[in-house]
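Coordinate inspection notes
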Amino acid sequence: MTSRPGCDFKCNQEGVMTMVRNPKQTGKKAASNAGKVLADPKATKAEKSAAASALAQTPSSKKKK
């Protein structure tokens, strides 16, 4: 089974697994801080991993019409 970013799996009443959107997203301030961590040459591997994970959960920067 493959997964898509921003989606979770959930079983319905019949026990069939379906994909649902995950409404949890990283806010602007947290995303900004995560970007600073990634740019910091002194940041540890764990810090950079957490920052990258936070940025992966940010809303799309494309504007809707």
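This report concerns the structure included in the present document. (Residues numbered from 1 in each chain as written. Predicted model: local features only at pLDDT ≥ 70, side-chain atom pairs only at ≥ 80, totals over all residues. Heavy atoms only, no water.)

Okay, the overall build of the protein chain next. When you go through the protein chain residue by residue, the secondary structure sums to two helices and two strands. Walking the protein chain from its N terminus toward its C terminus, one meets helices and strands in the order β-β-α-α. For the protein chain, buried positions account for 11% of its 65 residues. Considering only contacts in the protein chain between residues 6 or more positions apart, those separated by 24 or more positions represent 19%. (Helix = DSSP H or I, 4+ residues; strand = E, 2+ residues; numbered from the N terminus. Buried < 20%, exposed > 50% of the residue type's maximum accessible area, 1.4 Å probe, protein only. Contact = heavy atoms within 4.5 Å.)

One can find L38 in helix 1 (residues 28-39). Judged by relative accessible area, L38 falls into the partly exposed class, the value being 34%. Separated by 10 residues in sequence, L38 and K48 have C-alpha atoms that sit 5.4 Å apart. When neighbours within four sequence positions are excluded, L38 is seen to be in contact with K48, A51, A52 and L55.

Packed helix pairs are characterised by how far apart their axes lie and by the angle those axes make with each other. At a minimum axis separation of 9 Å, helix 1 and helix 2 (residues 45-56) run at an interaxial angle of 145°. Considering how the two elements wind past one another, helix 1 and helix 2 form a crossing that is left-handed. Listed contacts from helix 2 to A31, A34, G35, V37 and L38 of helix 1 are E47, K48, A51, A52, A54 and L55. A per-class count over the contact of helix 1 with helix 2 returns eight nonpolar, one polar and two charged. (Axes fitted to C-alpha atoms, helices over the stretch in contact; angles between N-to-C directions. Left-handed = near helix turned anticlockwise from the far one by under 90°. Nonpolar A, V, L, I, M, F, W, Y, C, P; charged D, E, K, R; others polar.)

Attention now goes to the environment of P59. Relative to the helices and strands, P59 resides in the segment after helix 2. In this structure P59 comes out as partly exposed when scored by relative accessible area, which is 42%.

In short, geometric facts, not functional conclusions.
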